[in-house]
Amino acid sequence: MDERAALDSLAGRIPAAGDDCAVVDGSVLTTDMLHESTDFPDGTTRYTAGWRAVGASLSDVAAMGASARAAVAVYAAPELDEEDLNAFVDGARDVCEACGAEYVGGDLDSHDEFTVTTTALGRTDDAVLRSGAEPGEAVCVTGRLGRSGAALRLFATGENDRANELFRFTPRIAASEVIAPHAGAMMDSSDGLARSLHQLAAASDCGFAVDTPLPVADAVGEVATDPAEKRELSVFFGEDFELVFTVPESELDAIREAAPVAITRIGSVVESGVTLDGDPLDDRGYTHG
């Protein structure tokens, strides 16, 4: 089985799973595992790895409409180099600080491949789930899409400084605090916009009619000129960690005015089907290899 099939097979056995975080007594809890071979391209600094690994879990907290409280990480590598380890912890601390959370430690281990497992804790009395979208609502995204896809292209050509910069995304905790009181459904776009829309549609038993132009990161234009390639990086690649959410049309302006990041309405919630410019949108996106 691939990752998606494995998750589907477990869904019926773990009823509390299925959203970006588990909800437990007013807290939200999530965990992620990242590997050098699939998540940290050659040229990724340990500082960036610490930022990105912990940031991925903090992004799940944001997707639930929760405030971020704390994070921990398991750091495993073939050998424990002091400089690498300190750089990783600096990145983990800095992304936590950017989200109002605290990095509180973790565990160390030996492994034949650099591997990180992160866990983040958040707090909310009213978590936003994937299952609350209603036909007639607007579907929106934070920020711009394609940032991580562009970074991968830059890593491949040795432009590591720019690539590392793009890989250090800011989890949308602050934006989530504005969006959450109004949102019908929400998740992050770690698997890509297309896959996120299909996941929200399945959870909410609805559909989405999405239209171009979509908000695309300037970095995509640095690595791609062909429109089909730009679409691939921004719609299907994933790993952008933006928020994809639905809200009543009447509340969208207020959210835009209060949010600390750009909010783009990309379409509407409909009864069924997921389309882009009227054509069916493929259900594909990022999957751990």
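Values in this document were obtained by computation on a predicted structure and should not be read as measured data. (Residues numbered from 1 in each chain as written. Predicted model: local features only at pLDDT ≥ 70, side-chain atom pairs only at ≥ 80, totals over all residues. Heavy atoms only, no water.)

(A) Inspection of the UniProt feature "binding site: Mg(2+) 3" (unreviewed entry) in the chain at higher detail. On the UniProt side, "binding site: Mg(2+) 3" (unreviewed entry) is annotated at positions that read D20, D60 and D188 here. A compact arrangement is adopted by the annotated residues: their sequence extent is 169 residues, whereas the largest C-alpha distance between any two is 7.6 Å. Residue placement: D20 occurs in the loop between α1 (3-11) and β1 (22-24). A residue is classified by how much of its surface remains accessible, and D20, at 8% relative accessible area, is buried. Setting aside chain neighbours within four positions, we find D20 in contact with T30, D60, A63, M64, R130, M186, M187 and D188. Its place among the elements puts D188 in strand β7 (residues 185-188). A residue is classified by how much of its surface remains accessible, and D188, at 2% relative accessible area, is buried. Leave out the neighbours within four places in its chain, and D188 touches D20, S59, D60, A63, S196, F241, E242 and L243. (UniProt positions renumbered as here; feature names shortened; annotations may be inferred. Helix = DSSP H or I, 4+ residues; strand = E, 2+ residues; numbered from the N terminus. Buried < 20%, exposed > 50% of the residue type's maximum accessible area, 1.4 Å probe, protein only. Contact = heavy atoms within 4.5 Å.)

(B) Region of interest: the sheet that holds strand β4 (residues 102-110). Taken together, five strands build an open sheet; the order of strands is β1-β2-β5-β3-β4 and the sheet is mixed. This sheet does not close on itself; its edge strands, each paired only once, are β1 and β4. Strand-to-strand twist in this sheet, taken as the mean axis angle between neighbours without regard to direction, amounts to 20°. Relative to β4, strand β3 (residues 67-77) runs parallel, the two sharing seven bridges. When the bridges of β4 are listed, A70 appears paired with E102. The strands touched by helix α3 (residues 46-63) within the sheet are β2 (27-35), β3, β4 and β5 (115-123), with β5 carrying the most contacts at an inclination of about 40°. (Pairing = 2+ DSSP bridges. Axes fitted to C-alpha atoms, helices over the stretch in contact; angles between N-to-C directions.)

(C) The arrangement of a negative patch on the surface in detail. On the surface, E79, D81, E82 and E83 cluster together into a negatively charged patch. Relative to the helices and strands, E79 resides in the loop between β3 and α4 (82-98). You can call E79 exposed: its relative accessible area is 63%. (Patch = residues over 30% accessible without salt bridge, like charges linked within 9 Å, V, L, I, M, F, W, Y side chains within 5 Å. Areas by Shrake-Rupley, 256 points an atom, 1.4 Å probe, with all protein chains shown as cover. Salt bridge = Lys/Arg side-chain N within 4 Å of Asp/Glu carboxyl O. Lys, Arg positive; Asp, Glu negative; His and termini not counted. Charge placed at Lys NZ, Arg CZ, Asp CG, Glu CD.)

(D) How the structure looks around the environment of A228. One can find A228 in helix α10 (residues 227-236). Among the residues examined, A228 registers a relative accessible area of 53% and is labelled exposed. A sequence separation of 195 residues divides A228 from M33, and the C-alpha atoms of the two residues are 31 Å apart.

(E) Looking closely at unusual backbone geometry. The amide bond that connects T212 to the next residue, P213, takes the cis arrangement and shows omega of 5°. Within the secondary structure, P213 is located in the loop between β8 (207-210) and α9 (218-223). Despite not being glycine, D25 shows a phi value in the positive range, around 50°. Structurally, the position occupied by D25 is in the loop between β1 and β2. In this structure, D205 is a non-glycine residue whose phi angle is positive, near 55°.

(F) Focus on the sheet that holds strand β12 (residues 279-280). One open sheet accounts for seven strands, arranged β7-β9-β6-β10-β8-β11-β12; its pairing is mixed. Sheet topology places β7 and β12 at the edges, where each strand pairs with a single neighbour. As defined by bridge partners, strand β6 (residues 138-142) adjoins strand β10 (residues 263-270) across five bridges and the pair is classed as antiparallel. When the bridges of β10 are listed, C140 appears paired with R265. Along the sheet, α3 contacts β7 and β9 (243-247); its crossing angle with β7, the most-contacted strand, is approximately 175°.

(G) Quick peek at the packing of α3 against α4. The geometry of α3 relative to α4 is characterised by a closest axis approach of 6 Å and an angle of 40° between their N-to-C directions. The orientation of α3 with respect to α4, classified from their angle, is oblique. As for the relative orientation of α3 and α4, their crossing is right-handed in sense. Of the residues in α4, those in contact with R46, Y47, A49, G50, W51, V54, G55 and L58 of α3 are D84, A87, F88, D90, G91, A92, D94, V95, C96 and A98. Considered class by class, the residues forming the contact of α3 with α4 number 11 nonpolar, three polar and four charged. (Parallel < 35°, antiparallel > 145°, perpendicular 65-115°, else oblique. Left-handed = near helix turned anticlockwise from the far one by under 90°. Nonpolar A, V, L, I, M, F, W, Y, C, P; charged D, E, K, R; others polar.)

(H) Seen up close, the UniProt feature "binding site: Mg(2+) 4" (unreviewed entry) in the chain. In this numbering, the UniProt entry assigns the feature "binding site: Mg(2+) 4" (unreviewed entry) to D20, T30 and D60. In sequence the annotated residues extend across 41 residues, while in space they remain close, none of their C-alpha pairs exceeding 7.1 Å. A polar side-chain atom of D20 sits 3.1 Å from a polar atom in the side chain of R130. Examined against the element boundaries, T30 turns out to sit in strand β2. Assessed through its relative accessible area of 7%, T30 is described here as buried. Beyond its immediate chain neighbours, meaning those up to four positions away, T30 contacts D20, C21, S57, D60, V61, T118, T119 and A120. At a separation of 3.2 Å, a polar atom in the side chain of T30 contacts the main-chain carbonyl oxygen of D20. (Polar contact = N/O pair within 3.5 Å; in protein donor to acceptor, adjacent residues only side chain to side chain.)

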